[in-house]
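Residues per chain are reported as follows:
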Amino acid sequence: MYTSGGTIKDALDAIHKHDYVLPAIQREFVWKPQQIERLFDSLMQKYPFGTFLFWQVEPQTAVSFQFYDFMREYHERDAAHCAPLGAQPGHPVTAVLDGQQRLTALNIGFRGSMAARTRGGWWANDASFPKRRLCLDLIAARDPDEDGAVYRFRFMTKAQREVATDAVWYPVHKIVSVEDNTGLHEIVEGFDLNKEQRKLAFNAIARLYSVYHSDQLINAYAERSQDIERVLNIFIRLNSGGTVLSYSDLLLSIAVAQWKQLDARATIHELVGSLNATGRRFAFSQDFVLKAGLMLTDIASVGFKVENFTADNMSKLEIGWPKIEAALRQTVALVDRFGLSGQTLRADSALLPIAYYLHRRSLPDAYLTHSSYAADREAVRGWLVRSLLKSSGIWGSGLDVLLTALRELIRTHGTNGFPAAELEREMERRGKSLRFEDAEIDDLLHLTYGDRRMVPLLSLLFPFVDLAHEMHVDHVFPRSRFTAKKLAKIGAGDEAAAWMIEHVDALPNLQLLEGTANQEKLAALPAAWLAKTKPDSASQADYRDRHLLGTVPDEMMDFEAFFTARREAMRGRLKALLAAS
């Protein structure tokens, strides 16, 4: 059903009375202050505001779902999530399926505030989050800026408003309490303005009054069906353009409604944040955690499909959540000890078989460090690293089918140890081989500093390096010496210098070095550094052999010979490790 006309005041009043609510399938509020400012300028210019999509939820349906309030007083650190609403017995509600961001922006702009962190501000410092209200400069010239904005809106603190000398900043929220437009002249007369400025100010404040109190701007379609499947399908299709709806949002929404003991949204948000704060820091999403829930609960398919969202499955997920959470924490702690981080973990999904394995075996925390598990950890690490090094992308297309198959293999063969061989055979059968051909080896040898695969590759080449410590990717021949000016000074011709500069960041000139040692090494040439840190010839020879350094030259001009020899040594080791044909 289409309804035409409704004021912003009416809509915000409905939000205040909890007649308008947010279903759990809606995302959090994500607009930035500048987006809200642009929206208000568009309203003032009478640009089209767009239609909304509402779901008229009857009382008997509303009691089965969790709904959330709209954001009004936004605080990036302390209040960035919409608050859950309690039960609404006997109370029909209108759930907003499309238009949440716009309505929330209006609620903040007309009735609330934003406290976003200042640039460079400390997260723990309250002063880094000043409370700002949306304000309108009443006397700004009506000349469009480069983006077409005519009205000057800004989020400002009270102190910023008071010290302004070239503007008259009117807090937008004050227009809410203006009962009729007869009082607008009195507001303008309260400012010390000349005739032209008074005209600008009155026009601006009169327009703002109309936008809020009288313009019929809220046009909406209302869905009256109480069939949740229909509503979800509408929501999915609606979000198929622009920012695509994550199916995990659907899973989360139904978990929120079905879980009896845990607050699903708060529980999952907390776990995502905790996993991302582990060790070197990661960048996991809600999708990763929820897909892990499907996988570790042994739900038939790990795909985000509506048929997986049954009450029975959600009950299993809630009952099993403590073990799922523990397995994910253990998995992320393990890969952190492998030296991986959000910058070097190319595919989060690669961790799901590992999490399932740890979950099935209920391994103790000692698994991370005890020597009795060293061989098993190495099997996990080798399998994971090779899957991450594949340029073809093991964890891309056909992911859900692959994960389901690997889960079955782990269930069957992973009772006493990580079944790397069985997993590799199944992956090869599905066209996702972990064997590397000669051309792929060559591609790895051409990786350069900064590539996300570099740390996994170096860890594979040099497995004795303890990545539980902070390790840096270090240039064997220091990069700072590879400038045209410095190379010319040591007698390198133009062609030789160009070759050296081109290859300084490539794999054969890189190694893993503990952070403190890397800082001490600085610009020292490798021979001088080895002589300083490994004073006896036996330890120097052992280091050179283990790190494939060969005969380390004393001079920069020998870089090409060193580079070529080490590349061939690395090629041989990679062939042996990766079983290339």
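Treat the numbers as computed from the prediction; the structure is a model and nothing was measured. (Residues numbered from 1 in each chain as written. Predicted model: local features only at pLDDT ≥ 70, side-chain atom pairs only at ≥ 80, totals over all residues. Heavy atoms only, no water.)

S.K.: Would you mind showing me how to read the overall build of the chain here?
M.R.: Broken down by element type, the chain carries 24 helices and 13 strands. Overall, the chain is about 95 × 65 × 40 Å in size when its C-alpha atoms are taken along their principal axes. A buried classification covers 51% of the 581 residues belonging to the chain. Of all intrachain contacts in the chain linking residues separated by at least 6 positions in sequence, the fraction that spans at least 24 positions is 76%. (Helix = DSSP H or I, 4+ residues; strand = E, 2+ residues; numbered from the N terminus. Buried < 20%, exposed > 50% of the residue type's maximum accessible area, 1.4 Å probe, protein only. Contact = heavy atoms within 4.5 Å.)

S.K.: Help me understand unusual backbone geometry, please; the structure alone is not making it clear to me.
M.R.: One can expect most non-glycine residues to show negative phi and most peptide bonds to be in trans. Phi at Lys46 takes a positive value of approximately 65 degrees, unusual for a residue other than glycine. Counting through the fold element by element, Lys46 comes out in the loop between helix H2 (33-44) and strand S3 (51-57). For Arg281, which is not glycine, the phi dihedral falls at a positive 85 degrees. If you trace the backbone, Arg281 turns up in the loop between helix H10 (264-276) and helix H11 (286-296). Under the relative-accessibility criterion, Arg281 is labelled exposed at 52%.

S.K.: Please explain the sheet that holds strand S11 (residues 219-223) as it appears in this structure.
M.R.: The strands making up a sheet are joined through hydrogen bonds of the backbone, oriented either antiparallel or parallel. Taken in spatial order, the six strands of this open sheet run S1-S11-S3-S6-S2-S4, and their pairing is mixed. In this open sheet, the two strands that pair with only one neighbour each are strand S1 (2-3) and strand S4 (67-68). Where S3 meets S11, five bridges bridge the pair, whose relative direction is parallel. Residue pairing across strands places Phe52 opposite Ala220, the latter belonging to S11. (Pairing = 2+ DSSP bridges.)

S.K.: What is the right way to look at helix H17 (residues 438-445) in this model?
M.R.: Because each turn of an α-helix spans 3.6 residues, side chains separated by three or four positions end up pointing in the same direction. All of the buried residues in H17 are Glu440, Ile441, Leu444 and Leu445. In an axial view of H17, the angular spread of the buried residues amounts to 145 degrees, which keeps them on one side of the axis. Residues of H17 that are buried make contact with helix H14 (374-389), helix H18 (454-461) and helix H24 (559-578). (Arc of directions from axis to C-beta.)

S.K.: Explain the sheet that holds strand S10 (residues 169-171) to me, please; I cannot follow it from the model alone.
M.R.: Spatially, the three strands line up as an open sheet ordered S9-S8-S10, and their pairing is antiparallel. The sheet is open, and its two borders are formed by strand S9 (153-156) and S10, each paired with just one other strand. On average, adjacent strands in this sheet sit at an angle of 40 degrees to one another, irrespective of strand direction. Of the strands in this sheet, strand S8 (133-137) and S9 touch H2, which is tilted by about 140 degrees from S9. (Axes fitted to C-alpha atoms, helices over the stretch in contact; angles between N-to-C directions.)

S.K.: Looking at this structure, I do not really get helix H4 (residues 100-111). What am I missing?
M.R.: Compared with the 16 Å implied by 1.5 Å per residue over 12 residues, the 16 Å span of H4 between its first and last C-alpha is a close match. Of all 12 residues making up H4, 12 are buried, and the element is well covered by its neighbours. For H4, every residue scored as buried is listed here: Gln100, Gln101, Arg102, Leu103, Thr104, Ala105, Leu106, Asn107, Ile108, Gly109, Phe110 and Arg111. (Expected span 1.5 Å × (residues − 1).)

S.K.: What should I look at first to understand the nonpolar core in this one?
M.R.: Of all hydrophobic cores here, the largest spans 60 residues; its most connected members are Val289, Leu328, Trp383, Leu384 and Trp395. Those elements giving two or more residues to this core turn out to be H10, H11, helix H12 (311-337), helix H13 (351-361), H14, helix H15 (399-413) and helix H16 (420-429). Looking at this core, the element that brings in the most residues is H12, giving 10 residues. When residues no more than four places from it in sequence are discounted, the contact partners of Val289 are Ile268, Leu271, Val272, Leu275, Trp321 and Leu328. (Core = buried A, V, L, I, M, F, W, Y, C linked by side-chain atoms within 4.5 Å.)

S.K.: Got a minute to help me understand the pairing of strand S12 (residues 471-475) in this structure?
M.R.: For S12, the tally of buried residues reaches four of five residues, placing the bulk of the element in the interior. Relative to strand S13 (residues 510-514), S12 runs antiparallel, the two being bridged by five bridges. What sits directly across from Met471, in S13, is Glu514.

S.K.: I would appreciate a short explanation of the environment of Asp474 in the present structure.
M.R.: Locating Asp474 in the fold gives a position in strand S12. Residue classification places Asp474 among the buried residues on the basis of a relative accessible area of 4%.

S.K.: Please explain the pattern of salt bridges as it appears in this structure.
M.R.: Where charged atoms from two side chains of opposite charge come close, those side chains can pair. Applying the stated criterion across every chain, the model contains 30 salt bridges. When the shortest N-O distance is used, the salt bridge between Asp78 and Arg77 registers 2.8 Å. With relative accessibility at 24%, the residue Arg77 sits in the partly exposed group. The partner of Arg381 in a salt bridge is Glu378, and the shortest N-O contact between them spans 2.7 Å. With Arg381 and Glu378 both in helix H14, this residue pair falls three residues apart, about one helical turn. Of the residues examined, Glu378 reaches a relative accessible area of 37% and is grouped as partly exposed. Connected via shared salt-bridge partners are Asp298, Arg360, Arg407, Glu408 and Arg411. (Salt bridge = Lys/Arg side-chain N within 4 Å of Asp/Glu carboxyl O.)

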